[in-house]
Every structure is written in structure tokens, then in C-alpha cells.
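A structural walkthrough
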Amino acid sequence: MTTLDNIVEEIKKAESIVVLTHETPDGDAIGSSLAMYNALKQIGKNVDVIIPECPRNFDFLAGVKDVKKEGKTDNYDLAIALDCATIDRLNGWKNYLDEANVTINIDHHTKNGMFADYNYVDPVSPSCCQVLIAMFEYYGVEITKEIANCILTGMITD
């Protein structure tokens, strides 16, 4: 069983991290990805967020200008999939998960495929962003205005 302690340990060990979400991303997918990006940057991590098609109506979110259409060619230490119930919905970027040293799946969908090394799924949570609030508080991440905007966007739009 995956615990928050397992996840924080893997994040601490990772030098390079990639954040991924599902195809045709909605507010929860983008909000949770950017909330995670900003939280990881806050603790000094080297992180890429890959969202091939990021709708412009989310341009107000902190970190959106850093979103990439593709990641680096060599593998990442850690890949984190957010708001994605199955590996098939990863925008065709399953290769980043396959090639990462360690994988984490954080989600709220009841039919999650549990496809990562560490799966943290809370099916009673109304959004992935809601799951992140508890995680960030547990990790001691400061929920800044920027992170709060990302989280609130995901919660409102899901």
C-alpha cells in the first residue's frame, strides 16, 4: 500500500521530475499539474510539466508559461501522473512513465488502473486538486497564492 511517506521519499530522492496528465486536459488536470509544479519548484526540484495542448483559458495560472509540449530525451528520475485514471490517457506520453526510474500516480477516479510504482488514489475526493491539498499540508509545502489559484481552478472546474 502506498503512503504519503513513500511518495515524499521518492520526491526527495529525485533530481529530475516530469509531471504528466490526461489527454484533452480540463481544469483539474491543468490545475493539479501546475500546483504540483509550483510545489516542487518551492522545494528546489528540477521539474518539467508536459501538456501537449494546454488551453489558453488557463494562461492566468502560475507556471503555465513553463509548460512544455515535450520533455527531455533522457529519462527522468521520477514521473508523476496526475488526474489520470488509465495509462492510455497520458496524451501519448506513456514513454515518459515507461522510461522514468520511479513512477507515481495521484488521482481521484474510482476506476483508476493503478499503473504506477506508487499509486495514491482517493476516490471520495471530488478532484485531484483536493487530493493535493492534503498532500501539500502533510509535506509542509506552503500553499502560496499561486498554488492556491491552481488548486482552486481544479476544484471549481471538475
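Our subject is the structure that appears above.
1. A closer look at the overall build of the protein
Scanning the protein for helices and strands turns up 5 helices and 5 strands. The helix and strand sequence of the protein, counted from the amino end, reads α-β-α-β-β-α-β-β-α-α. Computed over its C-alpha atoms, the radius of gyration of the protein comes to 14 Å, within 12% of the 15 Å expected for a compact globule of 158 residues. When its C-alpha atoms are laid out on the principal axes, the protein stretches across 35 × 30 × 30 Å. Out of the 158 residues in the protein, the part that is buried amounts to 53%. Sequence separation of 24 or more characterises 67% of the internal contacts of the protein that already satisfy a separation of 6 or more. Summed over all atoms, the accessible surface of the protein reaches about 7,500 Å², with 49% contributed by carbon and sulfur.

2. Section: helix α4 (residues 128-139)
Look at α4: 17 Å from first C-alpha to last across 12 residues, which is about the 16 Å you get at 1.5 Å a residue. Along α4, the positions that sit buried rather than exposed are Cys128, Cys129, Val131, Leu132, Met135 and Phe136. The buried residues of α4 occupy an angular sector of 145° when projected down its axis, which confines them to one face. Along its buried surface, α4 packs onto α1 (4-13), α2 (27-42), β3 (78-82), β4 (102-107), β5 (118-121) and α5 (145-157). Where α4 ends, the next residue or the one after it, glycine 140, has phi of about 80°, a positive value.

3. A closer look at the pattern of salt bridges
The full count for this structure, using the stated rule, is 5 salt bridges. For lysine 13, the salt bridge is made with glutamate 10, and the minimal N-O distance between the two is 3.2 Å. You can see lysine 13 and its partner glutamate 10 sitting in helix α1, 3 residues apart, about one turn around the helix. The closest approach of N and O atoms between aspartate 59 and arginine 56, which form a salt bridge, is 3.5 Å. By relative accessible area, which is 68% here, arginine 56 ends up exposed.

4. Some remarks on the environment of glutamine 42
Its place among the elements puts glutamine 42 in helix α2. Taking the C-alpha atoms as reference points, glutamine 42 and serine 127, separated by 85 residues in sequence, lie 23 Å from one another. Once residues within four sequence positions are removed from consideration, glutamine 42 is found in contact with Val141, Glu142, Thr144 and Ile147. Here the side chain of glutamine 42 touches glutamate 142 through a polar contact of 2.8 Å, landing on its backbone nitrogen.

5. Some points on the side chain of serine 16
Positionally, serine 16 belongs in strand β1 (residues 16-21). When neighbours within four sequence positions are excluded, serine 16 is seen to be in contact with Asn46, Lys72, Asn75, Tyr76, Asp77 and Leu78.

6. A word on α2
In this model α2 runs 22 Å from its N-terminal to its C-terminal C-alpha over 16 residues, within 8% of the 22 Å that 1.5 Å per residue would give. Counting buried positions along α2 gives 14 out of 16 residues, so the element sits mostly inside the fold. Immediately beyond the C-terminal end of α2, within one or two residues, lies glycine 44, with a positive phi of roughly 85°.

7. A closer look at the sheet that holds β4
Sheet strands pair by backbone hydrogen bonding; their relative direction is either parallel or antiparallel. If you trace the 5 strands from one edge of the open sheet to the other, you get β2-β1-β3-β4-β5, paired in parallel fashion. Each edge of the open sheet carries a strand with a single partner, namely β2 (46-50) and β5. Across this sheet, the average inter-strand angle for adjacent strands is 15°, counted without regard to direction. Packed onto the sheet, α2 meets β1, β2, β3 and β4 and runs at close to 165° relative to β1.

8. A look at the state of the cysteines
In a disulfide, the sulfur atoms of two cysteines are held together by a covalent bond. In the structure shown here, the tally under the stated rule is 0 disulfides. Not engaged in a disulfide, the cysteine cysteine 128 finds its nearest cysteine sulfur in cysteine 129; these two sulfurs lie 6.3 Å apart. Relative accessible area serves as the criterion here: at 0%, cysteine 128 is assigned to the buried category. Summary of cysteine pairing: cysteine 150 is not part of a disulfide, and the nearest cysteine sulfur, belonging to cysteine 129, is at 7.7 Å. Taking the relative accessible area as the measure of exposure, cysteine 150 reaches 0% and is therefore buried.

Cut-offs applied
- Residues numbered from 1 in each chain as written.
- Predicted model: local features only at pLDDT ≥ 70, side-chain atom pairs only at ≥ 80, totals over all residues.
- Heavy atoms only, no water.
- Helix = DSSP H or I, 4+ residues; strand = E, 2+ residues; numbered from the N terminus.
- Rg over C-alpha atoms; globule rule 2.2 N^0.38 Å.
- Buried < 20%, exposed > 50% of the residue type's maximum accessible area, 1.4 Å probe, protein only.
- Contact = heavy atoms within 4.5 Å.
- Areas by Shrake-Rupley, 256 points an atom, 1.4 Å probe, with all protein chains shown as cover.
- Expected span 1.5 Å × (residues − 1).
- Arc of directions from axis to C-beta.
- Salt bridge = Lys/Arg side-chain N within 4 Å of Asp/Glu carboxyl O.
- Polar contact = N/O pair within 3.5 Å; in protein donor to acceptor, adjacent residues only side chain to side chain.
- Pairing = 2+ DSSP bridges.
- Axes fitted to C-alpha atoms, helices over the stretch in contact; angles between N-to-C directions.
- Disulfide = S-S within 2.5 Å.

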